Amino acid sequence: MQLTQRAKQVDRTPMTWLEKLYLWNIAKGMLITLRHLFKKKVTVQYPEETRSFSKVFRGLQILNRDEQGRENCTACGLCAVACPAEAITMEAAERQPGEEHLYREEKYAAKYEINMLRCIFCGYCEEACPKDAIYLSQTFAPSNYGRSGFIYKKEDLLIPHPIENPEGFAKARGEKAVPAK
């Protein structure tokens, strides 16, 4: 008894001499090749054309700032704990008097690194962050020649300052960013 209709009975009759030449199968293969020759190409000519990504595309991580330019990250470590690939490392430091314009909270990330060779772009770091300090942007990771180029430090991940560079700040926030509270 068959549970599905997927199984087909195999024809076991011996092949004729014409079938043994495989001419019909070669002609069918050539027809498929000719048909594909005249179809529209799916290759993207990268430097001239850019590929469009879906709205749910997860690209490079970005460390967010608020509208005053202060860093949102409080170095709680939830993103590093949530990362299944253990790609995030951070060190916390306390804010000194006079640094209120740099950091929102008393604690901040003095060192924040993401090893992009280990990152699997799962988005768990974005979901775990209570301060909306990290999110995955719409840009993809560029190529590099050395391993050290794939370890992004805090300076590489921070979005531009909103007062000094408002266009860069708006571009970096993109569509996925959640407004700071």
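These numbers come from a predicted model, not from an experiment.

The rules behind each value
Residues numbered from 1 in each chain as written. Predicted model: local features only at pLDDT ≥ 70, side-chain atom pairs only at ≥ 80, totals over all residues. Heavy atoms only, no water. Core = buried A, V, L, I, M, F, W, Y, C linked by side-chain atoms within 4.5 Å. Buried < 20%, exposed > 50% of the residue type's maximum accessible area, 1.4 Å probe, protein only. Helix = DSSP H or I, 4+ residues; strand = E, 2+ residues; numbered from the N terminus. Contact = heavy atoms within 4.5 Å. Patch = residues over 30% accessible without salt bridge, like charges linked within 9 Å, V, L, I, M, F, W, Y side chains within 5 Å. Areas by Shrake-Rupley, 256 points an atom, 1.4 Å probe, with all protein chains shown as cover. Salt bridge = Lys/Arg side-chain N within 4 Å of Asp/Glu carboxyl O. Pairing = 2+ DSSP bridges.

Undergrad: Could you give an account of the nonpolar core, naming the residues involved and the relevant values?
TA: Membership of the largest hydrophobic core comes to 23 residues, with the highest contact counts inside it found for Ile 88, Tyr 112, Ile 114, Met 116 and Ile 134. Mapped onto this core, the elements with two or more residues apiece are strand E3 (107-115) and strand E4 (134-136). The element that contributes the greatest number of residues to this core is E3, accounting for three residues. With residues near it in sequence (within four places) discarded, Tyr 112 still touches Leu 63, Cys 73, Cys 79, Ile 88, Thr 89, Met 90, Ile 134, Tyr 152, Lys 153, Lys 154 and Leu 157. Core analysis: the second largest hydrophobic core is formed by five residues, Tyr 135, Ile 159, Phe 169 and Ala 172 among them.

Undergrad: Describe in detail a nonpolar patch on the surface, supporting the description with residues and values.
TA: Nonpolar side chains collect at one region of the surface, where Met 15, Trp 17, Leu 18, Leu 21, Tyr 22, Leu 23, Ile 26 and Met 30 lie side by side and expose about 900 Å² of accessible area between them. For the nonpolar patch, the secondary structure elements donating two or more residues are helix H1 (17-20) and helix H2 (23-37). Ranked by the residues each element gives to the nonpolar patch, the list is headed by H2, at three residues. Residue position: Tyr 22 is located in the loop between H1 and H2. With relative accessibility at 42%, the residue Tyr 22 sits in the partly exposed group.

Undergrad: Describe the sheet that holds strand E2 (residues 88-94), and please don't skip the residues or the numbers.
TA: Taken together, three strands build an open sheet; the order of strands is E2-E3-E5 and the sheet is antiparallel. Edge positions in the sheet fall to E2 and strand E5 (151-152), since each of these pairs with one other strand and no more. For E3 and E5, the ladder comprises two bridges, and the chain directions are antiparallel. Across the sheet, Asn 115 pairs through a bridge with Ile 151, a residue of E5.

Undergrad: Any chance you could break down the pairing of E3 for me, citing the residues and the numbers?
TA: Looking along a regular strand, one sees the side chains alternate between the two faces of the sheet. Of the strand pairs in this sheet, E2 and E3 are connected by seven bridges, and their pairing is antiparallel. Following the sheet pairing, Thr 89 is matched in E3 by Glu 113.

Undergrad: Tell me about the pattern of salt bridges, residues and numbers included.
TA: Applying the stated criterion across every chain yields a total of seven salt bridges. Here Lys 111 makes a salt bridge to Glu 91, at a shortest N to O gap of 3.9 Å. Of this pair, Lys 111 sits in strand E3 while Glu 91 is found in strand E2, placing the two residues 20 residues apart along the sequence. With relative accessibility at 32%, the residue Lys 111 sits in the partly exposed group. Exposure remark for Glu 91: the relative accessible area of 45% places this residue in the partly exposed category. Between Lys 153 and Glu 113 there is a salt bridge, with the nearest N and O atoms lying 3.3 Å from each other.

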